[in-house]
Each structure stands twice: as C-alpha cells, then as structure tokens.
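Summary of the model geometry
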Amino acid sequence: MVLGTAAPASPGFVEAGLKYLANSVDPVNYVASRGGGDSSEHQGNYVLQKVRIHDGRRHREAFRLDREGFALVDHASAVTDFYDDRQIAETHEPEVRALIRQATGARRVEIFDHTRRSASRRVQKAQSVREPASIVHNDYTARSAPIRLRDHFAQSPEEAERLLTGRFAIINLWRSIKGPVLTAPLALCDATTVAPEDLVSVQREAKDRIGEIQQAVYNSAHRWYYFPEMAPDEALLIKTYDSETDGRARFTIHTAFEDPSEPEGAPPRQSVETRCFVFF
C-alpha cells in the first residue's frame, strides 16, 4: 500500500514588508487622502521592514484590549449595504454601541467617525472612499485624543471638560463589508512589545482639521498579528487611545499589508472602521 504524502503544516505566520519610519528625528508630515481615488501623502523618511506577521486565529481567545490592544469578536450585522448612510446611522451605530459596551463594560459609547476603505481604485472612485492605510501608525496621541473629544463636544464644552475628568478610550471597530478579507489585510502589533520611544508624534492634515497621529520606528521586539480571511460576521476591536496610565495598553500600532499568501485574482478588500469615544 502506498501512503499519501501529508500536506505540510502551516507555519502560523507570513512574512511581509511593513512601512516604518526610518528614524525618529527626520521631519515627518502626513496628509490624509479625501477619498475617491486619491492617496495619502507620506512626507518623511520611511523604510520597508520585513517582519513575521503571526496568525492571530491561533491565539484568538488570549487577546485583550487592555493588554495587547486588540481583540477579534464574532458579530453579524443586520446592515445589508455599508455604503448606505441611512443603514449606517439606523442599524450599524446601535450595533456598534451595544457591542463595545458589552466587550468593555463601558457606561457610554459615542460614535464620532466612519471611514470606508477599498483596495480597488475603481471602488474608491465609485463610492468616494479611501485607500487602505499602508503605513505603521496609530490614530491618536496623548495630546490629540483629548482635543478630538473637545472638538466632538464643541456645542457643549462643559460636558467635554466633565468627561475629560474620568477615564476614556478611543476604540475602533473594523470589519469587512464585502466578503472575506483576502487582500490588504490589517496587521496589529501587540502593545506589550512596543516601547514608548518607538512611537513618534506626527502632524496629520485633513480637509477639515489639523490633528496628530503616531507613527513608529522598527523594533525587533515588535510582535505582529493578523486574522486571515476575516469574514463579514467578524469584527476587530482596536484601542487607539486610553487616558489611563496604569500600565494597560494605551496605543495600538497597525497597518494594511500585502499578504504574500493572497490567492491569485482575489477580490480587493472593502472595509469600514467606526471610531468611538468609550467612557468608563
């Protein structure tokens, strides 16, 4: 009897290049795209660093927002068209608030932004959406997060100041809106492996405001994860800011990347990220 040859076991990671800052001293500026087929402008000195990106599904139950800074959850949405603003407001937003309250124990969740993205230039133009963010970054800094909160509550500044006296976080809910994610998946770095000196505050210019984000220089201690073939009934929770300074995760660097195991002819990624103020 001839025995068949077993398929080799998956190594549990892929190797890919991630776009880091080359150093922490050269001037940097980030000009966000507006959507519709343009691209963000990265003005600075960057380097494509080859890293291992581990299969997070093998460790899914271990991830914690307050430790690694991210978590994958099961979450089927009743939304049938994520390009429909009415469905976003009437269906998606209540779903997001309920999910984040359940996941974090928060007493209040305020949604302040939705960003749709596609890896297809045709879809970007047709839907007026942005391209995947392909640079290692985190959305907020210790300085810019409170400013963004004050901006959101500009009509009630007393409430903003009251909310700033307690702990608050910014959490993104990220999900596929068109089939499984096979191209430009999201890589996330375990926050426990990122040193404060790895993070660089960078001015971010957008159409309606000047803000500040974090970019990062490479550190061999960084441990990266992704969740292959994320389905529409899954969602990633990503903590991009926490006002608490007791040692829990405060920032989570992340980026889209080119997956070398991407199937030939795979449909381009389409996703939405919903940013929330989370109050405890």
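As a reminder, the structure under discussion sits directly above these lines.
To start, this report covers the structure provided alongside it. (Residues numbered from 1 in each chain as written. Predicted model: local features only at pLDDT ≥ 70, side-chain atom pairs only at ≥ 80, totals over all residues. Heavy atoms only, no water.)

What follows concerns the overall build of the protein chain. Within the protein chain, the regular secondary structure consists of four helices and 15 strands. Taken over C-alpha atoms, the radius of gyration comes to 19 Å for the protein chain, in line with the 19 Å a tight globule of 280 residues would show. A principal-axis box enclosing the C-alpha atoms of the protein chain has dimensions of 80 × 45 × 40 Å. Taken across its 280 residues, the protein chain has 51% of its residues classed as buried. A separation threshold of at least 6 residues defines the contact pool for the protein chain, and within that pool the share at least 24 residues apart is 79%. Accessible area of the protein chain: about 13400 Å², with a carbon and sulfur share of 46%. Between the centroid of the 36 positive side chains of the protein chain and the centroid of its 40 negative side chains there is a distance of 1 Å. (Helix = DSSP H or I, 4+ residues; strand = E, 2+ residues; numbered from the N terminus. Rg over C-alpha atoms; globule rule 2.2 N^0.38 Å. Buried < 20%, exposed > 50% of the residue type's maximum accessible area, 1.4 Å probe, protein only. Contact = heavy atoms within 4.5 Å. Areas by Shrake-Rupley, 256 points an atom, 1.4 Å probe, with all protein chains shown as cover. Lys, Arg positive; Asp, Glu negative; His and termini not counted. Charge placed at Lys NZ, Arg CZ, Asp CG, Glu CD.)

Bringing the pairing of strand 5 (residues 70-74) into the picture now. Where burial is concerned, most of strand 5 is hidden: four out of the five residues are buried. Pairing of strand 5 with strand 13 (residues 234-242), which is carried by five bridges, proceeds in the antiparallel orientation. Paired with F70 across the bridge in strand 13 is I238. (Pairing = 2+ DSSP bridges.)

Turning our attention to the pairing of strand 11 (residues 210-216). Burial within strand 11 is extensive, with five of its seven residues counted as buried. Across two bridges, strand 7 (residues 137-138) lies against strand 11 in antiparallel orientation. From the neighbouring strand, N138 faces strand 11, where its bridge partner is Q214. Examined bridge by bridge, strand 10 (residues 199-205) and strand 11 share seven bridges and lie antiparallel to one another. Within the sheet, the bridge partner assigned to R204 lies in strand 11 and is G211. Taking the residues between adjacent antiparallel strands as the criterion, strand 10 and strand 11 are bridged by four residues.

This brings us to the pattern of salt bridges. Using the criterion set out here, one finds 24 salt bridges in the structure. In this structure, D66 engages K239 in a salt bridge whose closest nitrogen and oxygen atoms are separated by 2.6 Å. With D66 in the loop between strand 4 (46-55) and strand 5 and K239 in strand 13, the pair connects residues that are 173 residues apart, well separated along the chain. One salt bridge connects D139 with R275, and the closest N-O pair in it is separated by 3.2 Å. Here the residue D139 occupies a position in the loop between strand 7 and helix 3 (144-152), and R275 occupies one in strand 15 (residues 270-279), the gap between them amounting to 136 residues. The two residues D139 and R275 agree in class, both being buried. Salt bridges here are not isolated pairs; linked through shared partners, they connect D66, R167, K239, D242, D246 and R248. (Salt bridge = Lys/Arg side-chain N within 4 Å of Asp/Glu carboxyl O.)

Turning to its location among the elements, E212 is positioned in strand 11. On the basis of relative accessible area, E212 is assigned to the buried category, the value being 17%. A polar contact is formed between the side chain of E212 and the side chain of T141, at a distance of 2.8 Å. Other than its neighbours up to four places away in sequence, E212 contacts D139, Y140, T141, R143, S144, S201, V202, Q203 and R204. (Polar contact = N/O pair within 3.5 Å; in protein donor to acceptor, adjacent residues only side chain to side chain.)

Tracing the chain through its elements places H54 in strand 4. Distance in space between the C-alpha atoms of H54 and V14 is 6.5 Å, their sequence separation being 40 residues. Sequence-distant contacts of H54, that is, excluding residues within four places in its chain, are made with G12, F13, R223, W224, Y225 and Y226.

This paragraph deals with the environment of G35. Relative to the elements of secondary structure, G35 occurs in the loop between strand 2 (29-31) and strand 3 (41-43). If sequence neighbours within four positions are ignored, G35 has contacts with S128, V129 and R130.

It is worth spelling out unusual backbone geometry at this point. One non-glycine residue, S128, lies in the positive phi region at around 55°. Mapping S128 onto the fold places it in the loop between helix 2 (121-127) and strand 7. Residues other than glycine seldom take positive phi values, yet E229 does so here, at roughly 55°. Its location among the elements puts E229 in the loop between strand 12 (224-226) and strand 13.

Attention shifts here to helix 3. Those residues of helix 3 not exposed but buried are S144, A145, P146, R148 and L149. Looking at the packing, one finds that the buried side of helix 3 touches strand 6 (108-118), helix 4 (157-164), strand 8 (168-176), strand 11, strand 13 and strand 15.

A separate point is the packing of helix 3 against helix 4. The contact between helix 3 and helix 4 brings their axes to 8 Å, and the two run at 145°. Classified by chirality, the crossing of helix 4 by helix 3 is right-handed. Between helix 3 and helix 4, the contacting residues are P146, L149 and R150 on the first element and A160, E161 and L164 on the second. Considered class by class, the residues forming the contact of helix 3 with helix 4 number four nonpolar, no polar and two charged. (Axes fitted to C-alpha atoms, helices over the stretch in contact; angles between N-to-C directions. Left-handed = near helix turned anticlockwise from the far one by under 90°. Nonpolar A, V, L, I, M, F, W, Y, C, P; charged D, E, K, R; others polar.)

Our next topic: the environment of L173. Structurally, the position occupied by L173 is in strand 8. The sequence separation of L173 and E273 amounts to 100 residues, and the corresponding C-alpha distance is 5.4 Å. Not counting chain neighbours up to four residues away, the residues in contact with L173 comprise H92, V96, L99, A235, L236, L237, V272, E273 and T274.

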